[in-house]
Amino acid sequence: MKLDNKKVLLLLLANTVILMVLYFWFPSQFHFSYMPMIYLAVGAVLALYYVIYNRGFVGKNLSPDMLAGSMTLEEKQEFIRECKERQSKSKWVLTILVPLMLVFAVDMIYLFVLPLFSGWFQ
């Protein structure tokens, strides 16, 4: 595994632990019940930012012959390079967005799936 991929994986794990601890511990200690709404708003803003910044992913797997004929070859190559650069620059958003979704998934399992099996363990 490359060093860059290891760094991203460690960042994902660290952010998951931090966000999960904040999500479950903070409301129980300070009686703050707005944490799900805050996480949802932050997740929505980050997802919108990621999609808008990456131009709706129009540059993903793009080749020069797929672009408009009115563009010169240099403009096409510059556009493709810029799209790849934008995707690499915005990778940090995913290291927050994925853990946010994982926290919500764990919360949904805790709220809706575990009660289905609560009678089995008594």
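Residues numbered from 1 in each chain as written. Predicted model: local features only at pLDDT ≥ 70, side-chain atom pairs only at ≥ 80, totals over all residues. Heavy atoms only, no water.

**Student:** Please explain the packing of aromatic side chains as it appears in this structure.
**Tutor:** Working definition: an aromatic ring pair is given by the centre-to-centre distance plus the angle between the planes. Per the counting criterion, the structure on display carries ten aromatic pairs. Note on Tyr49 and Trp92: the rings are 6.1 Å apart at their centroids and 45° apart in plane angle, and the pair reads as tilted. Within this pair, whereas Tyr49 is found in helix α2 (residues 35-53), its partner Trp92 is found in helix α4 (residues 91-113), the two being separated by 43 residues in sequence. Site record: aromatic cluster; members linked through ring pairs are Trp25, Phe26, Phe30, Phe32 and Tyr34. The ring of Tyr53 has Arg86 sitting right over it, with the charged end atom 4.8 Å from the ring centre. (Phe/Tyr/Trp six-rings, centres within 6.5 Å; stacked < 30°, edge-to-face > 60°. Helix = DSSP H or I, 4+ residues; strand = E, 2+ residues; numbered from the N terminus. Lys NZ or Arg CZ within 6 Å of the ring centre and 35° of its normal.)

**Student:** Looking at this structure, I do not really get the packing of helix α1 (residues 3-30) against α4. What am I missing?
**Tutor:** Helix-helix packing is characterised by the crossing angle of the two axes and by the distance between the axes. Running from amino to carboxyl end, α1 crosses α4 at an angle of 40°, the nearest separation of the two axes being 8 Å. Compared by their axis directions, α1 and α4 come out oblique. Between α1 and α4 lies a crossing whose hand is right-handed. When α1 is examined against α4, the residues Asp4, Val8, Leu11, Leu12, Asn15, Thr16, Leu19, Met20, Tyr23 and Phe24 are found in contact with a partner set consisting of Lys91, Leu94, Thr95, Ile96, Val98, Pro99, Leu100, Leu102, Val103, Phe104, Val106 and Asp107. (Axes fitted to C-alpha atoms, helices over the stretch in contact; angles between N-to-C directions. Parallel < 35°, antiparallel > 145°, perpendicular 65-115°, else oblique. Left-handed = near helix turned anticlockwise from the far one by under 90°. Contact = heavy atoms within 4.5 Å.)

**Student:** Is there a simple way to explain helix α3 (residues 73-89) in this structure?
**Tutor:** Turn by turn, an α-helix covers 3.6 residues, leaving residues three or four places apart pointing in a common direction. The terminal C-alpha atoms of α3, which comprises 17 residues, lie 24 Å apart, in line with the 24 Å expected from a rise of 1.5 Å per residue. By the burial criterion, the buried members of α3 are Lys76, Ile80 and Cys83. Each buried residue of α3 sits inside an arc of 60° when the element is viewed along its axis, so together they form one side. (Expected span 1.5 Å × (residues − 1). Buried < 20%, exposed > 50% of the residue type's maximum accessible area, 1.4 Å probe, protein only. Arc of directions from axis to C-beta.)

**Student:** Is there a simple way to think about the nonpolar core in this case?
**Tutor:** Core analysis: the largest hydrophobic core is formed by ten residues, namely Leu19, Tyr23, Met35, Tyr39, Leu46, Tyr50, Val93, Leu97, Leu100 and Val103. Residues contacting Met35, with those up to four places away along its chain left out, are Leu22, Tyr23, Phe26 and Pro27. (Core = buried A, V, L, I, M, F, W, Y, C linked by side-chain atoms within 4.5 Å.)

**Student:** It is not clear to me how the side chain of Lys76 should be interpreted in this structure. Could you clarify?
**Tutor:** One can find Lys76 in helix α3. In this structure Lys76 comes out as buried when scored by relative accessible area, which is 13%. Among the polar contacts listed, one links the side chain of Lys76 to the backbone oxygen of Pro64, at a separation of 3.4 Å. Not counting chain neighbours up to four residues away, the residues in contact with Lys76 comprise Pro64, Leu67, Ala68, Gly69 and Met71. (Polar contact = N/O pair within 3.5 Å; in protein donor to acceptor, adjacent residues only side chain to side chain.)

**Student:** Please clarify how the packing of α1 against α2 should be interpreted in this entry.
**Tutor:** Taken N-terminus to C-terminus, the directions of α1 and α2 make an angle of 150°; their axes are 10 Å apart at the nearest point. By the angle between their directions, the pair α1 and α2 is classed as roughly antiparallel. Together, Leu19, Leu22, Tyr23, Phe26 and Pro27 of α1 and Met35, Pro36 and Tyr39 of α2 make up the contact between the two elements. For the contact of α1 with α2, a count of residues per class yields eight nonpolar, no polar and no charged. (Nonpolar A, V, L, I, M, F, W, Y, C, P; charged D, E, K, R; others polar.)

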